[in-house]
Each structure stands twice: as structure tokens, then as C-alpha cells.
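Coordinates in review
Chain by chain, the residues run as shown.
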Amino acid sequence: MVLSPCCLGHKLFLTDPEMCTAVANTCLDKSEFYQFGRRWVGDGLVTADVPTWKYHRKLLNPAFSQQVLDGFLGVFNSQARRLVADLEDIEEEFDHWPHLALNGLETICLTSLGMEVNTHEDKRLNKQFFHALEEMFHIIMERVTKVWLYNDRVYSWTRLKKREDKLLEVLHNMSNKILQKRKQELKDNNNILNQIDLLGGKFKPFLDLLLELAEEKSVFTDQEIREHVDTMIVAGHDTSANTLMYTLVLLGSHSKVQENVYQEILEVLGPDRDVEKQDLSRLVYTEAVIKESLRLYPIFPVVTRTLDKDIKLRNYTLFSGNLCFIMVYGLHRHSVWGHDAALFRPERWLDGSLPDSANAFAGFSIGRRGCIGE
């Protein structure tokens, strides 16, 4: 644990598995840094205060059950084939990130939002949205790293704020269009993704559940629905695309691992068959590679919490009022992972050499306020 003084008490930097878990399970309030994204995603699950998060998370959990995800296997297969077709004719060196991110964005539209992405106009709007989203991320990170921009009044005088206003217009217009279009489709009942019939039951995509709760139980306003849609678009496609990006880089850098994955896929799927539910449990080595990628390059490399109460640990007491940085990047390289913690070794997930502590891996954030997408 490292302490650094700041204007509001101390900044605490944690990498120990038990310390990180104790803080993440005890204190659910996120730090002021998350406020920089609230003009964009409002009170979505990532940025909402604790009471709002608890209530909304409970309502939205059914949209992320395993049965719902299994129902989207057809979409995942078609999107995988589309991505392969997009990449297979490229022969020179290239940046694979835009291809993965746009494919992930389309996948979120097809699954969580129940929206088709077929027309040239749909694809043009997706690309415009993607570029606005990328730039918005950079603006938020610039505020995080420049302390003089923390003050809203100072920030309001900058060119950065004016650019943010224009980007928000693009981003919110996109989510508003998605919301209005989906409302109309459900009203007309002419969209095949309206409901997915799984094992004799009906399961709804994320956006459909939001709209149903708003209409039948008056739970969500249009603004709250848009905030959850904005959060889901960002958190759903960016995280998956980032994990794919790092996984492909690691496979390209470790030819033996790449060959092992390739041979396992040929053994389970053959040369050209879609993935079925029962195949997933047989892709053991492939899953180990993805987990090892998440370990080395976690989706959330840092998680912050504001300590609203004293936390007694084994050798320390963390006092209320301080800001805590849970360094997931450091947690995944902690000594509990062994002498080779910094190395890419998927076999550690298969050979019994994982840490004794179940809290040493936080691939989808950590603690009670972990990611709904896990």
C-alpha cells in the first residue's frame, strides 16, 4: 500500500488482493473522477450514486442472464464471420483496433439494443459515433490528468469544453435515435429481435427491458433510459473490443500459444462450423488465453473508491474520507501470482498454479459493484 497526500485527505494505492477486496466490498461510492463522464452517461450503472446503482442494477440483472446470452450465439457467430471477412484481405501491417471496435459496436446494437445494422446509413452513423466516442474518451482522460481542469468553471473556458459539447451532441443524438426507433419498432411489433424464445421462456434484450419497465411500471424516464443506453454502448463494445485487441496482440507475439489455440478450435469446431453452446466448455485452452489476456491487460486497470467509513485490515486501518485507488493492473502482477506474474502464460489457468486467493483476479472490476457484463 502506498499513501500520497492530496487536498482531500490521502490517496491510497492498493495492490494486495485482500486489501483491494475489503475496500471494494465495503465502500461502493466512486470517486470524483467519474463525474467527468456524467455529462455523457448521466446516472448509468458506471457513474450513478450508490442508491440509484443498487436499485437499477437489480432491475437490469435479468437482461444479462446466461440464458439471454446463449440466445445471442447466432449473432455472435455472424459477427465473427463478418469480422473475419473484414480482415482477411488485408496483407500489410495495419491497426486492428478500429475493425474490432466497430464490429463490437454493431454487436451491441444487435444484442443489447435489439437493433439491426444493415444499411449504408446505419454503418455511416456507427463510424461517426465511433470517432466521437474515441475523442470523448481522450477528453475525459485529459481532464483526469490535468488537475487545473477539475474545476468546472475553469474547464468551461477551455476549447476542450467546447469540443466536448459538440461531441455530446453527436453521442446523445445517436442514442436518442436508437431509443425512438426501437420504441416505434416495438409498437409496430415488426422486429424479429423483439423477444428471444429460449427453453420455452421469453427473454428481452437490454433496451426492451428498459422500455417495458418504463411503460408498465413507470420505473425509468426517457432520460434515464438514454443514460443506460449510452453506458451500455460504451461499456459493452469498448471493453469487449479492447480484450480482443490485446488477445490478438498477445497471440501474434507468442506463436506457440497461437498454434495451440488454432489446433483446439480445429479439434472442437472443425474447419468452418459455427460455435454452439456445448462447444464453449470444450474450448478450454482458448478460455485460458482470454483470461490470461484479461489478467495482463484488465478492462479496468484502476478502480477508485471514496472511503465513507473506516476499514480495519490485517495490518492497517484505512480511515474514512480518503480516496482509494484499487490498482487492478498491479493486483494482477502481485507476488501471489508467482515469479512469472509479468509473463503471458495461459497454462497457469490449467496447471494448478493459480493463486490461493480467489480475490487475486479482477477481470471484470472487483467487489460488490463489479461489472454487470461479467
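So, a few notes on the structure that sits alongside this text. (Residues numbered from 1 in each chain as written. Predicted model: local features only at pLDDT ≥ 70, side-chain atom pairs only at ≥ 80, totals over all residues. Heavy atoms only, no water.)

**Observations concerning the packing of helix α6 (residues 97–110) against helix α7 (residues 120–145)**
- At a closest axis distance of 10 Å, the pairing of α6 and α7 adopts a crossing angle of 115°. Relative to α7, α6 is oriented so that their crossing is right-handed. Contacts between α6 and α7 involve Trp 97, Pro 98, Ala 101, Leu 102, Leu 105, Glu 106 and Cys 109 from the former and Lys 123, Asn 126, Lys 127, Phe 129, Phe 130 and Glu 134 from the latter.
- A breakdown of the residues in the contact of α6 with α7 according to their chemical character gives eight nonpolar, one polar and four charged. (Axes fitted to C-alpha atoms, helices over the stretch in contact; angles between N-to-C directions. Helix = DSSP H or I, 4+ residues; strand = E, 2+ residues; numbered from the N terminus. Left-handed = near helix turned anticlockwise from the far one by under 90°. Contact = heavy atoms within 4.5 Å. Nonpolar A, V, L, I, M, F, W, Y, C, P; charged D, E, K, R; others polar.)

**Observations concerning a negative patch on the surface**
- Taken together, the side chains of Glu 88, Asp 89, Glu 91, Glu 92 and Glu 93 define an acidic patch exposed on the protein surface.
- Note that Glu 91 resides in the loop between α5 (73–87) and α6. (Patch = residues over 30% accessible without salt bridge, like charges linked within 9 Å, V, L, I, M, F, W, Y side chains within 5 Å. Areas by Shrake-Rupley, 256 points an atom, 1.4 Å probe, with all protein chains shown as cover. Salt bridge = Lys/Arg side-chain N within 4 Å of Asp/Glu carboxyl O. Lys, Arg positive; Asp, Glu negative; His and termini not counted. Charge placed at Lys NZ, Arg CZ, Asp CG, Glu CD.)

**Here's the deal with the pairing of strand β8 (residues 323–326)**
- Covered by surrounding structure in β8 are Leu 323 and Phe 325 together with Cys 324 and Ile 326, the residues of both alternating faces.
- Taken together, the four bridges between strand β5 (residues 303–306) and β8 define a ladder with antiparallel strand orientation. Paired with Thr 304 across the two strands is Phe 325, which belongs to β8. (Buried < 20%, exposed > 50% of the residue type's maximum accessible area, 1.4 Å probe, protein only. Pairing = 2+ DSSP bridges.)

**Comments concerning the packing of α7 against helix α9 (residues 159–188)**
- Two elements in contact, α7 and α9, have axes whose closest approach is 9 Å; the angle formed by their N-to-C orientations is 140°. As summarised for this structure, α7 and α9 are arranged oblique, according to the angle between their axes. Of the two possible hands of crossing, α7 and α9 adopt the one that is left-handed. Along the contact surface, α7 presents Asp 122, Leu 125, Asn 126, Gln 128, Phe 129, Ala 132, Leu 133, Glu 135, Met 136, Ile 139 and Glu 142, while α9 presents Leu 160, Arg 163, Glu 164, Leu 167, Leu 168, Val 170, Leu 171, Met 174 and Lys 181. (Parallel < 35°, antiparallel > 145°, perpendicular 65-115°, else oblique.)

**Observations concerning the environment of Ala 22**
- Within the secondary structure, Ala 22 sits in helix α1 (residues 17–26).
- With 345 residues separating them in the primary sequence, Ala 22 and Gly 367 have C-alpha atoms 8.0 Å apart.
- Excluding its chain neighbours within four sequence positions, the residues that come into contact with Ala 22 are Ile 311 and Leu 313.

**Regarding the nonpolar core**
- Of all hydrophobic cores here, the largest spans 58 residues; its most connected members are Trp 40, Leu 113, Leu 207, Leu 210, Phe 220, Ile 225 and Ile 233.
- Those elements that provide at least two residues to this core are α2 (38–41), α3 (50–60), α6, α7, α9, α10 (206–217), α11 (222–253) and β8.
- Element by element, the count of residues in this core is highest for α7, at eight residues.
- Every residue in contact with Ile 225, bar those within four places of it in the chain, is listed here: Leu 179, Leu 207, Leu 210, Leu 211, Ala 214 and Phe 220. (Core = buried A, V, L, I, M, F, W, Y, C linked by side-chain atoms within 4.5 Å.)

**Points about unusual backbone geometry**
- One non-glycine residue, Ser 365, lies in positive phi territory at about 70°.
- Along the chain, Ser 365 turns up in the segment after α15 (328–331).
- Taking the relative accessible area as the measure of exposure, Ser 365 reaches 13% and is therefore buried.

**Describing the side chain of Glu 227**
- Structurally, the position occupied by Glu 227 is in helix α11.
- Buried and unpaired, Glu 227 has Arg 226 as its nearest opposite-charge partner, separated by 4.9 Å.
- Look past the residues within four positions of Glu 227 in its chain and what remains in contact with it is Val 41, Gly 42, Asp 43 and Gly 44.

**Re α5**
- Here α5 spans 21 Å end to end across 15 residues, near enough to the 21 Å set by a 1.5 Å rise per residue.
- On the buried face of α5, the contacting elements are α4 (66–71), α6 and α13 (277–280). (Expected span 1.5 Å × (residues − 1).)

**Digging into the side chain of His 172**
- Position of His 172 among the secondary structure elements: in helix α9.
- Reaching out from His 172, the side chain makes a polar contact with the backbone oxygen of Trp 40 at a distance of 2.8 Å.
- Every residue in contact with His 172, bar those within four places of it in the chain, is listed here: Arg 39, Trp 40, Arg 226 and Asp 230. (Polar contact = N/O pair within 3.5 Å; in protein donor to acceptor, adjacent residues only side chain to side chain.)

**Remarks on the pattern of salt bridges**
- Evaluation of the coordinates by the stated rule reveals 23 salt bridges.
- For Lys 291, the salt bridge goes to Glu 287, with nearest N and O atoms at 3.4 Å. You can see Lys 291 and its partner Glu 287 sitting in helix α14 (residues 284–296), four residues apart, about one turn around the helix.
- Its relative accessible area of 40% is what places Glu 287 among the partly exposed residues.
- Put simply, Arg 295 and Glu 292 hold a salt bridge, and the shortest N to O gap is 2.9 Å. Taken together, the residues Arg 295 and Glu 292, both in helix α14 and three residues apart, mark about one turn of the helix.
- A relative accessible area of 0% places Glu 292 in the buried class.

**Structural notes on the packing of aromatic side chains**
- Enumeration according to the criterion identifies ten aromatic pairs in this entry.
- Both rings, one in Trp 40 and one in Phe 137, keep their centres 5.7 Å apart while their planes meet at 70°; by these two values the pair is edge-to-face. With Trp 40 in helix α2 and Phe 137 in helix α7, this pair connects stretches of sequence that are 97 residues apart.
- Accessibility expressed as a relative area gives 3% for Trp 40, which makes it buried.
- The rings of Phe 13, Phe 33, Phe 36, Tyr 150 and Phe 325 are connected pair by pair, giving a single aromatic cluster.
- Seen from the ring of Tyr 155, Arg 143 lies directly overhead, with NZ or CZ sitting 3.8 Å from the centre. (Phe/Tyr/Trp six-rings, centres within 6.5 Å; stacked < 30°, edge-to-face > 60°. Lys NZ or Arg CZ within 6 Å of the ring centre and 35° of its normal.)

Note that every value here comes from positions in space, so none of it alone points to a role or purpose.
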